[in-house]
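Report on the structure
Okay, here's what each chain looks like letter by letter:
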Amino acid sequence: MEKQLLESSEERTFQYQDSLPSLPVPPLDESLSKYLDAVKPFLNQEEYQRTEDIVKKFENGIGKELHQKLLERAKMRRNWLEDWWLNVAYLDLRISTQILCNMGGPGPYIEHYWPPKEGTQIDRACINIWHTLKYWDLLRAEKVAIERSGNTVLDMNQFRMLFCTCKIPGLTRDSLSNYFKTEAEGECPSHLIVLCRGRVFAFDAMHEGSMLTPPEIFRQLRYIQETCYSEPDGPGLAALTSNERTKWAELREYLIHLDPKNLTLLEKIQRSLFVVGLDDYSPHATPEDYTELTRLGLAGDPTVRWGDKSYNCIFFSNGTCSAFCDGSDNVRDIPRPEELVFTVDSKIMNEIGHTKELYYKKVSDLQLVSYAFTSFGKALIRKRKLHPDTFVQLALQLAYYKCHGRPGCCYETAMTRRFYHGRTETIRSCTVEAVEWCKSMLDPSESNYQRLQLMHKAFAKHNKLRKECENGRGFDRHLLGLLLIAQEQGLPVPDLYGDKAFTASGGGGNFVLSTSLTGYTRFSGSAVPMVQHGYGFFYSIRDDRIVTTCSSWKSCPETDAEVLCRTLFQCFHDVLQLTLTAQL
């Protein structure tokens, strides 16, 4: 009884899910007024006047009706956006989501105890996998700490999607299958999938009720590696997941018709905890330059990643990307990994070859750099009484302005996790205030005092936008909701969405700068640009450094990720210098 009381006094990971507030619908006039403010940097006076008229007409006409219907929808659901967002942002897409939507990032372990070293691939992989399994075990027992923003509890639902989750391609819309269960909910799949040299293997992470130890995982991986190294490569079926979605759906159906056993094997992959990829590459990596490791994580060998799985962990031959722990050498007699041998024919083999060709053609166009700015980090920025995230965002606005001579419409991810199943909202970083400040920085006749005043205004505006977005008072998801209501009702698309201002300011997925703070930890990530003439920009802010990853397409003559990144590092110095000189 005492033990029960002790346990029940501990918070459980998902215990507050049912008490989180519902996602609010902001007032229509408020959202439209914020929208008008956000489009100003991209329009001349005449264009702005036209947009203002379109917005007023929308607000007093069809917009009012759509808003009313959205409010009714919100009464019936705790998160009015959730189903729509999943479909519109992910499942309805027909492009190759593996290349164009997935994110990738390097393991930061090279910095302290695991520098690149040939021959360490499976030594390190087994320890990293063991740590990941321990995390899965904690999540199953609901012992992963609840995340908070200050004292506010955040939604933990996304953690359920980390393990045993897979997207399944459909002809017009994909579906999402999640097999994760907590201990209280029942049985949960416990096997891993390992991809190596075009072949697919599976083994259980549990044996006789207890988790495999690192030496036991090592033995399984060594068996797989030795098998693959001593025999011909497999067909590389995983590459098919990098196809356009409808094409992959058709090929998947074909595979199942070829042999019903193929469906059983596909389901085994879908249900697995996560996918381990053993990659033969040895990417160069240093604490200051993660470029090659990040690029191969995001866009490496398509046969050692299953693009539909929520989590793939890729280990390179020089041991890059992993974690650390201690493990005993006692190895039990556990079943060897099972190879999943698909029935394939010449059509499938040709399709795999063709898919790999398309994949490598697309990723060869990707320019990606991942550098650490090491002159200073969060500690010094905070000392200057500036918000570190806003510091990076405004420096990025200045860098873009310097490189391109105009404002860059920018998407920054804000999280709405204080609401039930809350995910993201858009902070539009390219504000009127930011542009005014950028102009002053490039105008030699401006005084530093004036620049500093404008900078503080730009900082205050960005901080205000972030707070509003986190509190469910952004406008991008609201405008999307109104558009989707119109589409569901079979109504014509309102003029607001066809207006030049909507696209020019980034609406409809047209942001030139697609950015995200991955956090204040060692982990960083990367994604490709949202548009052909844009940049993808991810960054993590640590006490002593800012690690940035910037991507662009080589086929676009006006963008260059390397140049933007180098310019940004100079802008970091310029912004800090401004706060110092203004005090003299």
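Residues numbered from 1 in each chain as written. Predicted model: local features only at pLDDT ≥ 70, side-chain atom pairs only at ≥ 80, totals over all residues. Heavy atoms only, no water.

1. Examining the overall build of the chain
Selection criterion: A run of H or I in DSSP counts as a helix once it spans at least four residues, and a run of E counts as a strand once it spans at least two, with each numbered from the N terminus. Here the globule rule reads 2.2 Å times residues to the power 0.38, and the radius of gyration is calculated from C-alpha atoms. For every residue, the accessible area (1.4 Å probe, protein chains only) is compared with the maximum for its type, and the residue is labelled buried under 20%, exposed over 50%, or partly exposed between those bounds. Every residue pair with non-hydrogen atoms within 4.5 Å of one another is taken to be in contact. Computed with a 1.4 Å probe, the accessible areas rest on the Shrake-Rupley method; for each residue, only the protein chains presented here act as cover. Asp and Glu are treated as the negative residues and Lys and Arg as the positive ones, with His and the ends of the chain left uncounted. Where a charge lies is defined by one atom per residue type, namely NZ (Lys), CZ (Arg), CG (Asp) and CD (Glu).
Counting its secondary structure elements, the chain contains 20 helices and 17 strands. For a compact globule of 584 residues, the expected C-alpha radius of gyration is about 25 Å, and the chain comes in at 25 Å, within 12% of that figure. Seen through its principal axes, the chain has C-alpha atoms that stretch 75 × 65 × 60 Å. The proportion of buried residues among the 584 residues of the chain is 55%. Summarising the internal contacts of the chain: among those between residues at least 6 apart in sequence, 76% fall at separations of at least 24. Roughly 25500 Å² of accessible area belongs to the chain as shown, and the carbon and sulfur atoms make up 51% of that amount. Placing the 69 positive and 75 negative side-chain charges of the chain at their respective mean positions leaves the two points 3 Å apart.

2. Focus on the confidence of the model for the chain
Rules: Within a predicted model, pLDDT stands for the predictor's per-residue confidence, ranging from 0 to 100.
Here the chain shows a mean pLDDT of 94. Residues at 70 or above account for 96%. Of the regions scoring below 50 in pLDDT, residues 322–328 engages in 21 contacts with residues more than four places distant in sequence or in other chains.

3. Quick word on the pattern of salt bridges
We count it as follows: Throughout this description, the term salt bridge denotes a Lys or Arg side-chain nitrogen within 4 Å of a carboxyl oxygen of Asp or Glu.
Within the structure shown, the criterion is met by 33 salt bridges. Notably, a salt bridge pairs Arg199 with Glu339, separated by 2.8 Å at the nearest N-O pair. Linking Arg199 in strand β6 (residues 199–204) with Glu339 in strand β11 (residues 338–339), this pair joins segments that are 140 residues apart in sequence. In this structure Arg199 comes out as buried when scored by relative accessible area, which is 8%. We classify Glu339 as partly exposed; its relative accessible area is 27%. With a closest N to O distance of 3.9 Å, Glu288 and Arg545 form a salt bridge. Pair noted here: Glu288 is in the loop between β9 (275–279) and α11 (291–299) and Arg545 is in the loop between β16 (535–541) and β17 (546–553), with a separation of 257 residues, a long-range link. Using a relative accessible area of 39% as the deciding quantity, one classes Glu288 as partly exposed. Classification of Arg545 as buried rests on a relative accessible area of 12%.

4. Topic: the environment of Lys356
By the secondary structure assignment, Lys356 is in helix α12 (residues 346–364). Taking the relative accessible area as the measure of exposure, Lys356 reaches 29% and is therefore partly exposed. For the pair Lys356 and Gly519, spaced 163 residues apart in sequence, the C-alpha to C-alpha distance is 33 Å. Not counting residues up to four positions away in its chain, the partners in contact with Lys356 are Ala239, Pro302 and Thr303.

5. Comments concerning the sheet that holds strand β14 (residues 424–428)
Which entries qualify depends on this criterion: Strand pairing is defined by DSSP finding a minimum of two bridges between the two strands. Only the stretch in contact is used when a helix axis is fitted, and all axes are lines through C-alpha atoms; the angle between N-to-C directions ranges over 0 to 180 degrees.
In spatial order, the strands read β12-β17-β16-β15-β13-β14; together these six strands make up an open sheet with mixed pairing. The open sheet has two edge strands, β12 (366–373) and β14, and neither has a second partner. Direction aside, the axes of adjacent strands within the sheet are offset by 25° on average. Two strands pair when backbone bridges link them, and β12 and β17 are joined in this way by eight bridges, in the antiparallel orientation. Bridge pairing links Ser370 to Thr549 in β17. Here α11 sits on the sheet in contact with β12 and β17, set at roughly 135° to β12. Those strands touched by helix α16 (residues 448–470) are β13 (410–415) and β14, and its axis lies near 160° from that of β14.

6. Focus on the side chain of Arg245
Note the cut-off: For this analysis, a polar contact is any N or O atom pair within 3.5 Å, provided that within protein one partner can donate a hydrogen and the other can accept it, and provided that sequence-adjacent residues contribute only side-chain to side-chain pairs.
Along the polypeptide, Arg245 turns up in helix α9 (residues 245–258). At 2.7 Å, the side chain of Arg245 forms a polar contact with the side chain of Asp174. Sequence-distant contacts of Arg245, that is, excluding residues within four places in its chain, are made with Leu93, Arg94, Ile95, Thr97, Lys167, Ile168, Pro169, Gly170, Asp174 and Asp308.

7. Quick notes on the packing of α9 against α12
Rule in force here: Should an angle fall under 35 degrees it is called roughly parallel, over 145 degrees roughly antiparallel, and 65 to 115 degrees roughly perpendicular, with every other angle called oblique. In this scheme the handedness of a crossing depends on how the near helix is turned from the far one: anticlockwise by less than a right angle means left-handed, clockwise means right-handed. We call Asp, Glu, Lys and Arg charged. Ala, Val, Leu, Ile, Met, Phe, Trp, Tyr, Cys and Pro are nonpolar, and the rest, Gly among them, are polar.
Viewed as axis vectors pointing N to C, α9 and α12 meet at an angle of 155°, and their least axial separation amounts to 11 Å. Judged on the interaxial angle alone, α12 and α9 are roughly antiparallel. Between α9 and α12 lies a crossing whose hand is left-handed. When α9 is examined against α12, the residues Lys247, Leu251, Tyr254, Leu255 and Leu258 are found in contact with a partner set consisting of Lys347, Ile348 and Glu351. A breakdown of the residues in the contact of α9 with α12 according to their chemical character gives five nonpolar, no polar and three charged.

8. Some words on helix α14 (residues 388–404)
Operational definition: Residue count minus one, scaled by 1.5 Å, sets the expected span of a helix.
Taking 1.5 Å per residue as the helical rise, α14 with its 17 residues ought to reach 24 Å, and the 24 Å between its terminal C-alpha atoms agrees with that figure. Of all 17 residues in α14, 15 are buried, a share of seventy percent or more. Positive backbone phi, approximately 70°, marks Gly405, located one or two places after α14.

9. Some words on the sheet that holds strand β5 (residues 191–196)
Across the sheet, five strands lie side by side as β10-β9-β5-β6-β11; this open sheet has mixed pairing. Looking at strand neighbours, the two that pair on one side only are β10 (312–316) and β11, the edges of this open sheet. Both β9 and β10 contribute to a ladder of five bridges, which runs parallel. Across the sheet, the residue bridging to Val276 is Cys313, located in β10. Packed onto the sheet, helix α10 (residues 260–271) meets β5, β6 and β11 and runs at close to 110° relative to β5.

10. Observations regarding the nonpolar core
Soluble globular proteins tend to bury their nonpolar side chains together. What counts is decided by this rule: Here, the term nonpolar core denotes a set of buried Ala, Val, Leu, Ile, Met, Phe, Trp, Tyr and Cys residues that are joined through side-chain atoms within 4.5 Å.
Phe391, Val392, Trp437, Met455, Leu564 and Phe572 are the most contacted members of the largest nonpolar core, which has 49 residues in total. The element that contributes the greatest number of residues to this core is helix α20 (residues 561–581), accounting for ten residues. When sequence neighbours within four positions are dropped, the list of residues in contact with Val392 reads Phe537, Tyr539, Ile541, Ile546, Leu568 and Phe572.

11. Points about the pairing of β12
Burial analysis of β12 places eight of its eight residues in the buried class, the great majority of the element. Neither face of β12 is exposed, since Leu366, Leu368, Ser370 and Ala372 on one face and Gln367, Val369, Tyr371 and Phe373 on the opposite face are all buried.

12. Side note on the environment of Phe376
On the secondary structure map, Phe376 appears in the loop between β12 and α13 (378–383). In this structure Phe376 comes out as buried when scored by relative accessible area, which is 6%. Once the C-alpha coordinates of Phe376 and Asp543 are considered, the two residues, 167 residues apart in sequence, prove to be 7.6 Å apart. Once residues lying within four places of it in the same chain are set aside, the contact partners of Phe376 are Ile381, Phe391, Asp544, Arg545, Ile546, Phe572, His573 and Leu576.

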